[in-house]
Amino acid sequence: MVDVKNISVDQIWNMLKDVPDPEVPVLTVQDLGIIRDIHLRDEVVEVVITPTYSGCPAMDMIAANIRLVLLENGFKNIQITTVLSPAWTTDWMSEEGKEKLKAYGIAPPNPRQQVCNNELFAAHEVVQCPRCNSYHTHRVSEFGSTACKALYQCDECSEPFDYFKCH
Amino acid sequence: MTSSLINYTLHLADNSLILGHRNSEWCGHGPILEQDIAITNISLDLIGQARNFYQYAARLANTNNNQGSEALPLAGFGEANEDSFAYFRNSEDFKNILLVELPKGDWAQTILRQFLFSCWQNLLFEKLSASNDQQIAAIATKSLKEIAYHLRWSSEWVIRLGDGTQESHMRMENAINELWSYTEEFFVPATYEMEMLNNGVGTDVSLLKAGWMQNVGKVFSEAGLTIPALTTIYTGGKEGRHTEHMHQLLIELQSVARAHPTATW
């Protein structure tokens, strides 16, 4: 429990730093950039979140987990607001988050400005194997086990792996 | 004005929901596991788009106290919400284009429909991302990122099947013959689309045709397929005049919600 009367917004950010993403539990929602803002006025805390994909089924659970942490810390008036604009991008993923993803076996998203290209007939982006670091990989499928991932395979070490799509 | 904006928002929502539902029928039946996952992922994106639009339509309906509006779901269910729009309207209240309600057909037909639709949705949402309605612009901008993947995936499949075996080529040709007459509806505006064009919320859909033909032509020529002549035109979905397939689709989509209207999780 904390003193909700004398708490700073920074302390609330810190309080929420371990809330995991339900589908990629190695990442926290802060690593993903899902929490956009926190407002505090008269003991009412408002957490502003944004979905990664329009149909991401994890959003309700993320909101519930955030609420739970705040309740445990003594907050009674909690508001979770969802915003769509500006649209979420993988550029908001923290460097720490990208390293955690790679260590977990998921190739982190390429930087959007450098590599990503969704134009018709654009060359496929080059994705590095999270296991052996080779760039000799090929895409098996544009869509993977969750909305945010694609399926790849390494041509060097044969490892099949998920790639967190740049978005 | 509000009633037209609600209708327009519902039109955008219904397109996505109904195509999302049709694609979801492949769940567990895809030709191979990866493509089963792909088509159901696309369903998820589409249903997510639909939810965003329905939530917005509900907010408009409730805040403007439009209780008598024909856009609202069946009376007696209290305030409008995303579920009441999806589960408690009848087929004549749905404003989706006819193309999306047609049966899923074979894999070629599913692929072709997704491609033709994504091609159009991409152009439409590019325009809507500059809409002077902030929420429609926000949903369109967010959805565009997902549509880029749908478009790329479906283009590659059109080429793979069109330029594949004799059998796959023939199936693509059959799919084109089956679906082409429904594509003109993309570009024929309904009354609410004209009103939304006039106040800067919507866009002139008839102007999207040139860009759409160009993109479709590019992929078709890569696939060895030909754009057919437009001999018959089927429209009416945007105004609530649907095919018989729509009733059957809704019976399945709405059956649980209607059997247990007060159920909660």
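Before reading further, recall that the structure is shown in the block above.
Figured I'd write up the structure that's included with this text. (Residues numbered from 1 in each chain as written. Chains lettered and ligands numbered in written order. Predicted model: local features only at pLDDT ≥ 70, side-chain atom pairs only at ≥ 80, totals over all residues.)

## Details of the overall build of chain A
And step 1. Helices and strands together make up the secondary structure of chain A, namely 4 helices and 7 strands.
And step 2. Counting only C-alpha atoms and orienting by the principal axes, one finds that chain A spans roughly 55 × 30 × 25 Å.
And step 3. Here chain A, with 167 residues, has 34% of them falling under the buried criterion.
And step 4. Within chain A, contacts between residues separated by at least 24 positions form 52% of all contacts whose residues are at least 6 apart in sequence. (Helix = DSSP H or I, 4+ residues; strand = E, 2+ residues; numbered from the N terminus. Buried ≥ 20, exposed ≤ 12 C-beta atoms within 10 Å, placed from the backbone. Contact = placed C-beta atoms within 7 Å.)

## Examining the packing of helix α1 (residues 2–24) of chain B against helix α8 (residues 191–198) of chain B
Residues and elements named next belong to chain B.
And step 1. Contact geometry of α1 with α8 gives a least axis separation of 9 Å together with a crossing angle of 110°. It follows that α1 is roughly perpendicular to α8 by the angle criterion. Handedness of the crossing formed by α1 with α8: left-handed. Contacts between α1 and α8 involve Ser4, Leu5, Asn7, Tyr8 and His11 from the former and Tyr192, Glu193, Glu195 and Met196 from the latter. (Axes fitted to C-alpha atoms, helices over the stretch in contact; angles between N-to-C directions. Parallel < 35°, antiparallel > 145°, perpendicular 65-115°, else oblique. Left-handed = near helix turned anticlockwise from the far one by under 90°.)

## Remarks on the packing of helix α6 (residues 134–162) of chain B against helix α7 (residues 166–179) of chain B
All names here are of chain B.
And step 1. Axis separation between α6 and α7 bottoms out at 7 Å; the angle between their running directions is 120°. Looking at the two axes, α6 sits oblique to α7. Residues Val158, Leu161 and Gly162 of α6 pack against Ser168, His169, Arg171 and Met172 of α7.

## Describing helix α2 (residues 33–63) of chain B
Since the α-helix advances by 3.6 residues per turn, residues separated by three or four positions end up pointing in the same direction.
And step 1. The end-to-end C-alpha distance of α2 of chain B is 45 Å, a good match for the 45 Å that 31 residues give at a rise of 1.5 Å each.
And step 2. Burial analysis of α2 of chain B places 22 of its 31 residues in the buried class, which makes it a mostly covered element. (Expected span 1.5 Å × (residues − 1).)

## Considering unusual backbone geometry
Residue and element names in this part refer to chain A.
And step 1. In the segment running from Ser85 into Pro86, the intervening peptide bond is cis, with an omega of -5°.
And step 2. Structurally, Pro86 can be placed in the loop between β3 (77–82) and α4 (95–104).
And step 3. Phi is positive for Glu43, close to 65°, though the residue is something other than glycine.
And step 4. Here Glu43 is to be found in the loop between β1 (35–41) and β2 (44–49).
And step 5. In this structure Glu43 comes out as exposed when scored by C-beta crowding, with 12 C-beta atoms within 10 Å.
And step 6. You will see that Ser158, though not glycine, has its phi angle at about 70°, which is positive.

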